[in-house]
Amino acid sequence: MPFAFYLSPQKSNFAPNMAHVIPEDGTQLPLMEEFYTIQGEGFHTGKAAYFIRLGGCDVGCHWCDVKESWNAELHALTHADQIIENAGKHPSKAVVVTGGEPLIYNLDYLTAGLQQNGIKTFIETSGAYPLSGHWDWICLSPKKFKAPTKNVAEHADELKVIIFNKSDFAFAEENAKLVSPGCKLFLQPEWSKSKEMTPLIVDYVMNNPQWEISLQTHKYLNIP
Ligand code: SF4
């Protein structure tokens with residue numbers, strides 16, 4: 001059965017009948033943008049990939065740099081077959097599905113289609129919703145505002161914790177207890193606090209070498 005996705009404080013700007021009715025089988029998704037670029041952060045830094053950004057997020061990080069993604073109704077429902085076709089047009093056969101919070105939606109159809117076309121599937125998620133989809137790489141970036149689900153944490157290949165203030169180091173360690181022993185561990189300064197937080201992260205990683213530093217290199221490169 002399809003479900004209507006109602007979100008966001010700006011909703012009063014929209015008549016009720018404009019709410020998206022998103023099919024539960026994931027054949028259509030609210031696509032905010034798609035673009036070919038270089039993965040700027042985390043384990044796959046420096047690799048070319050096609051980014052698929054889905055609209056819709058209710059996690060509410062105050063420092064979020066893609067707040068325009070929050071309201072799913074602002075982003076056109078797009079057939080997953082079209083997204084798969086677009087992704088296949090680029091030299092790198094790898095996609096990063098991001099948001100917003102992409103796991104709000106059933107991603108089984110999209111990711112099965114991508115993999116059937118020889119495209120590797122990576123996801124960036126807060127883990128706030130149950131896991132769906134077929135993934136070659138799961139990057140869990142948990143947020144204090146909505147805890148990650150157990151099944152996302154257990155399947156994560158990479159844990160990337162954003163450091164906005166000193167208390168986030170303890171939050172990182174709490175989340176490291178939730179992931180599997182082989183999961184890669186990254187600490188990443190929140191962009192607006194990076195001057196202040198990066199030296200602390202450097203010290204922390206030198207004293208706790210199971211962690212690595214992730215930087216948002218795409219912002220230094222001035223690419224999307
Ligand atoms: S989970 Fe991501 S998209 Fe959602 S509010 Fe937080 S940073 Fe923004």
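Refer to the structure printed above.
(A) Region of the structure containing the packing of helix H1 (residues 80-87) against helix H2 (residues 108-116). One can describe the packing of H1 onto H2 by two numbers: an axis separation of 9 Å at closest approach and a directional angle of 30°. In this structure, the crossing between H1 and H2 has a hand that is right-handed. Between H1 and H2, the residues in contact are Ala-80, Asp-81, Ile-83, Ile-84 and Ala-87 and Tyr-109, Leu-110, Gly-113 and Leu-114, respectively. Here the residues of the contact of H1 with H2 sort into 7 nonpolar, 1 polar and 1 charged.

(B) Structural context of a nonpolar patch on the surface. Among the surface-exposed residues, Trp-191, Val-202, Met-206, Ile-213, Leu-215 and Tyr-220 lie close enough to one another that they form a single nonpolar patch of about 560 Å² accessible area. As for its placement among the helices and strands, Met-206 is situated in helix H5 (residues 194-207). Note on Met-206: relative accessible area 59%, which makes it exposed.

(C) Region of the structure containing the sheet that holds strand S7 (residues 120-125). Pairing in this open sheet of 9 strands is mixed, and the strands run S5-S3-S4-S6-S7-S8-S9-S10-S11 from one edge to the other. Since the sheet does not close on itself, it has two edges, and those belong to strand S5 (77-79) and strand S11 (211-213), each with one partner. Adjacent strand axes in the sheet meet at a mean angle of 30° when their direction is disregarded. Sheet topology places strand S3 (residues 28-38) next to S5; 3 bridges connect them, and they run antiparallel. Each bridged residue has a counterpart across the sheet, and for Leu-29 the counterpart in S5 is Thr-78. Contacts from H2 reach S3, S5, strand S6 (94-98) and S7 within the one sheet, and its direction differs from that of S7 by about 145°. Relative to the sheet, helix H4 (residues 167-176) contacts strand S9 (158-163), strand S10 (184-189) and S11, its axis offset from that of S9 by approximately 165°.

(D) Representation of H5. Here H5 spans 19 Å end to end across 14 residues, near enough to the 20 Å set by a 1.5 Å rise per residue. Looking at H5, one finds that the buried residues are Ser-194, Met-197, Ile-201, Tyr-204 and Val-205. On an axial view of H5, the arc spanned by its buried residues comes to 95°, and they lie on one face. Those residues of H5 that are exposed and angled more than 90 degrees off the buried face are Lys-195, Met-206 and Asn-207. Where H5 is buried, its residues touch S9, H4, S10, S11 and helix H6 (217-221).

(E) Main features of the pairing of strand S8 (residues 137-140). Residues Trp-137 and Cys-139 point to one face of S8 and Ile-138 and Leu-140 to the other, with burial holding for every one of them. Both S7 and S8 contribute to a ladder of 4 bridges, which runs parallel. Residue Ile-123 lies in a different strand from S8, and its bridge partner there is Ile-138.

(F) Geometry of the nonpolar core. Core analysis: the biggest nonpolar cluster contains 51 residues, and Leu-107, Leu-110, Leu-159, Leu-187 and Trp-211 have the highest contact counts within it. Judged by nonpolar contacts, the second largest core, of 7 residues, contains Phe-35, Ala-49, Ala-94 and Trp-137.

(G) Region of the structure containing the pattern of salt bridges. Throughout the structure, instances matching the rule amount to 7 salt bridges. Between Lys-146 and Asp-58 there is a salt bridge; the shortest N-O distance is 3.2 Å. Here Asp-58 lies in the loop between strand S4 (48-54) and S5 and Lys-146 lies in the loop between S8 and helix H3 (150-155), a separation of 88 residues in the sequence. Take Lys-146: its relative accessible area is 28%, and that puts it in the partly exposed class. On the basis of relative accessibility, which here comes to 33%, the residue Asp-58 falls in the partly exposed class. Salt-bridge contacts for Lys-160 lead to Glu-124; the nearest nitrogen and oxygen are separated by 2.7 Å. Taken together, the residues span a long stretch of sequence, with Lys-160 in strand S9 and Glu-124 in strand S7 at a distance of 36 residues.

Rules and cut-offs
- Per chain, the residues get numbers from 1 upward, laid out in the order the sequence is written.
- Where local features are concerned, this predicted model is filtered to residues with pLDDT of at least 70; where side-chain atom pairs are given and counted, the filter is 80 or more; whole-chain, interface and lining totals use all residues.
- Side-chain metrics in this entry use all non-hydrogen atoms of the structure; hydrogen atoms and water are not considered.
- Only the contacting stretch of a helix is used when fitting its axis, a line to C-alpha atoms as for every element, and angles between N-to-C directions run 0 to 180 degrees.
- In this text, helices come from DSSP runs of H or I with a minimum length of four residues, and strands from runs of E with a minimum of two, each type numbered from the N-terminal end.
- A crossing counts as left-handed when the near helix is turned anticlockwise from the far one by less than a right angle, and as right-handed when that turn is clockwise.
- Here, residues are in contact when the closest pair of their heavy atoms is within 4.5 Å.
- In this classification, the charged set is Asp, Glu, Lys and Arg, the nonpolar set is Ala, Val, Leu, Ile, Met, Phe, Trp, Tyr, Cys and Pro, and all remaining amino acids, among them Gly, are polar.
- Distance thresholds for patches are 9 Å for like charges and 5 Å for nonpolar side chains (Val, Leu, Ile, Met, Phe, Trp, Tyr), applied to residues having over 30% relative accessible area and no salt bridge.
- Note that accessible areas follow from Shrake-Rupley with a 1.4 Å probe, and for residues the cover is restricted to the protein chains shown.
- For salt bridges, the criterion is a side-chain nitrogen of Lys or Arg within 4 Å of an Asp or Glu carboxyl oxygen.
- When a residue's accessible area, from a 1.4 Å probe over protein chains only, is under 20% of the maximum for its type it is buried; when over 50% it is exposed; and in between it is partly exposed.
- Think of it this way: DSSP has to see at least two bridges between two strands before they count as a pair.
- Working rule for helices: expected span equals 1.5 Å times residues minus one.
- Think of the arc as the fan of directions from the helix axis to the C-beta atoms.
- Nonpolar core, defined: a set of buried Ala, Val, Leu, Ile, Met, Phe, Trp, Tyr and Cys residues in which side-chain atoms within 4.5 Å join the residues together.

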